[in-house]
Amino acid sequence: MTNALSRRDLMIRLSAVAACALVPPEIAQAAGQLAVGAALGVDWGLAFADRDGDLAPAPMRLLSGACPEGLSGALYRNGPGKFRRPGGSATHWFDGDGLVRAFRVAGGKASLSARFVDTAKRRADTAAGAVVTPGFGTAARPGAKVTNNDDTNAANISMLALRGEKGANGKGGGALWALWEAGSPIGVDPADLSTVGVKTLRPDLAHMPFLAHPRVEPDGEIWSLGVLGDKALVWRLGPDGALISAEVIELPCASYVHDFTATERHLILVLQPLLQEKAALPYIDGFVWKPTQSTRILVLDKADLGDRRIYELPAMFAFHFGDAWADPDGTIHFDACVSDDPTFATRNARQVLNGDWTPLPPPRLALITLTPDRRARIERTDTVAEFPRTDPRHAGWPRAFTVHATKDGGSPLFHGLATHNWKTGASDAFDFGGAHLVEEAVFVPRPGGGGELDGWLLAPSVNLAAKATELHVFDATRVAAGPLASWRAEVALPVSLHGTWVQG
Ligand SMILES: [Fe+2]
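Residues numbered from 1 in each chain as written. Predicted model: local features only at pLDDT ≥ 70, side-chain atom pairs only at ≥ 80, totals over all residues.

A. Inspection of the overall build of the protein at higher detail. Within the protein, the secondary structure is distributed over three helices and 34 strands. When each of the 504 residues of the protein is scored for burial, the buried share is 53%. At a minimum sequence separation of 6, the contacts of the protein that also span at least 24 residues come to 59%. (Helix = DSSP H or I, 4+ residues; strand = E, 2+ residues; numbered from the N terminus. Buried ≥ 20, exposed ≤ 12 C-beta atoms within 10 Å, placed from the backbone. Contact = placed C-beta atoms within 7 Å.)

B. Just the sheet that holds strand E5 (residues 109–116), in detail. Here we have five strands laid out as an open sheet, ordered E1-E5-E4-E3-E34, and antiparallel in their pairing. At either margin of the open sheet sits one strand with a lone partner, and together these are strand E1 (55–59) and strand E34 (498–503). Sheet twist, expressed as the mean angle between neighbouring strand axes with direction ignored, is 15 degrees. The sheet contact formed by E1 and E5 spans three bridges and is antiparallel. Paired with alanine 58 across the strands is leucine 112, a residue of E5. (Pairing = 2+ DSSP bridges. Axes fitted to C-alpha atoms, helices over the stretch in contact; angles between N-to-C directions.)

C. Broad picture of helix H3 (residues 343–351). Considered for burial, the residues of H3 that qualify are Phe344, Ala345, Ala349 and Arg350. Buried residues in H3, looked at end-on, bunch into an arc of 165 degrees, giving them a common side. In this structure, the buried side of H3 is in contact with strand E22 (332–339). (Arc of directions from axis to C-beta.)

D. Spatial organisation of the sheet that holds strand E9 (residues 195–198). Pairing in this open sheet of four strands is antiparallel, and the strands run E6-E7-E8-E9 from one edge to the other. The open sheet is flanked by strand E6 (158–161) and E9, the only strands paired with a single partner. Between one strand axis and the next, the sheet turns by 30 degrees as a mean value, whatever way the strands run. As paired elements, strand E7 (residues 176–179) and strand E8 (residues 186–188) share three bridges and run antiparallel to each other. Bridge pairing in E8 places alanine 178 opposite isoleucine 186.

E. Local environment of unusual backbone geometry. The step from leucine 281 to proline 282 runs through a cis peptide bond, and the omega angle for that step is 0 degrees. Here proline 282 lies in the loop between strand E16 (274–276) and strand E17 (287–289). Its identity as a non-glycine residue notwithstanding, histidine 207 has a phi of 70 degrees, on the positive side. On the neighbour-count criterion, histidine 207 (21 C-beta atoms within 10 Å) is buried.

F. Spotlight on the confidence of the model for the protein. Residues at a pLDDT of 70 or more form 90% of the protein, whose mean pLDDT is 90. Note on residues 1–39: pLDDT is under 50 here. Beyond four places in sequence and across chains, it has 66 contacts. Note that pLDDT drops below 50 for residues 166–173; the model gives that stretch 16 contacts with residues more than four away or on any other chain. (pLDDT = per-residue confidence, 0-100.)

G. Just the pairing of strand E23 (residues 364–370), in detail. As paired elements, E22 and E23 share seven bridges and run antiparallel to each other. Directly across from alanine 336, in E23, lies its bridge partner alanine 366. Judged from the six bridges that link them, E23 and strand E24 (residues 376–384) form a sheet pairing that is antiparallel. Across the sheet, isoleucine 368 pairs through a bridge with isoleucine 378, a residue of E24. The turn linking E23 back onto E24 is made up of five residues, and arginine 374 within it adopts a positive phi angle of 70 degrees.

H. Local environment of helix H2 (residues 120–128). For H2, every residue scored as buried is listed here: Ala120, Lys121, Arg122 and Asp125. Those residues of H2 hidden inside the fold are in contact with E5. Positive phi appears at glycine 129, one or two residues downstream of H2, with a value of about 70 degrees.

I. Fine view of the environment of arginine 380. Here arginine 380 shows up in strand E24. Sequence-wise, arginine 380 and valine 338 are 42 residues apart; in three dimensions their C-alpha atoms are separated by 8.3 Å. When near neighbours in sequence (up to four residues on either side) are disregarded, arginine 380 contacts Val338, Arg364 and Ala366.

J. Fine view of the environment of alanine 49. By the secondary structure assignment, alanine 49 is in the loop between helix H1 (7–22) and E1. Using a count of 20 C-beta atoms within 10 Å as the deciding quantity, one classes alanine 49 as buried. Taking C-alpha positions, alanine 49 is 9.2 Å from alanine 492, a pair spaced 443 residues apart along the chain.

Dropping the structure here:
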């Protein structure tokens, strides 16, 4: 590491966090029965229900259309899948055990399998018969054993597909990592979704945080962050996951960071005024929302992390950002799904486990521009948007389109997907209606194609009326025309968060 912050300093900070976990916890409220979404006539609680075990590979039934020629591979997705245990349950959606799903498409057919990541947290909670391990929004219970970050690692946010690495123990072809944000990546075998183990990128950096939203350059190089208060570890990895460098940087403030973005040349960290005032568990309880403070945007040169600029915007909250790009004059652009405050994270994502939902303004799509004269501006649209995705072949390059989930109907999450054209302002959207909760759509390039949006959008949904998980394929240039193909599984899995496509 090139910074003065030593591993010892980091470990002291982590020890402080761990110590909090061992303080006798409050008795968490018992998880209630999932309520029926009366207004919609469907039970949206199905999206937050427990999955009690793995799901063996099973064919999905073609409901309509036909699989497009050339679409072959696997969509690996991750998200919380188990929340409730007899002796006490998770009290926040983000604290469910990571459940990895594989939607495989081959020969015009689709199948679905799912397997829990075998984490130390899941093993401890299973043995205790209660969710004793603290997390993002769930307090510790007696019996919690936290000696490092990975003891609390739920491995439940996203998946990263590496190029060329053989999985540990010789398992798997290329490697897959299940990602959380405050602990290590955890290897998962792409063939059977079995857990390979905690990935230590360098022995002296064991258990350090690694965000669930790494930025992958078109050539496969990977950037990620590990945020610890007002310091961040900047991870730089090769396409196969091998560590190139890990450098500690100082941040202007101790902000909650779930995602960041990058151009070809720069890393861009959006430091919103949800500020950490104490090391606490559950983690989010250490943060305070300060709407009178600005959002600071830190721009770092990838080639020299000491070369930095700071921009300011009014207070805002966003979980997710699109890939950034730069104009020839150095002006940087990136999109964000912006809310006025973090109430979803601090309140509503707790409520959903009890079947409750307090109406909340949905996040909306915005474009942030940073000019070379150090001015920042934000252009907010009226478009409801979350889970922004772009063409991975063009990450960090100029682009026009953002793929996103859309249409908040007053219930949790989304029931449509769309592309937004930043050059024209046009939106191309499809709405499944209130009986579906649509998950993040992933762009899949058409083999041999090259143009932006030359390919498909793949998005699962939880069909609340049919009580089943579905997979939908859209022509990315004609979203409003509806799915080219839809398949349905025999079961409904809880809604997932993020995924990645691996071409077959
Ligand atoms: Fe995320």
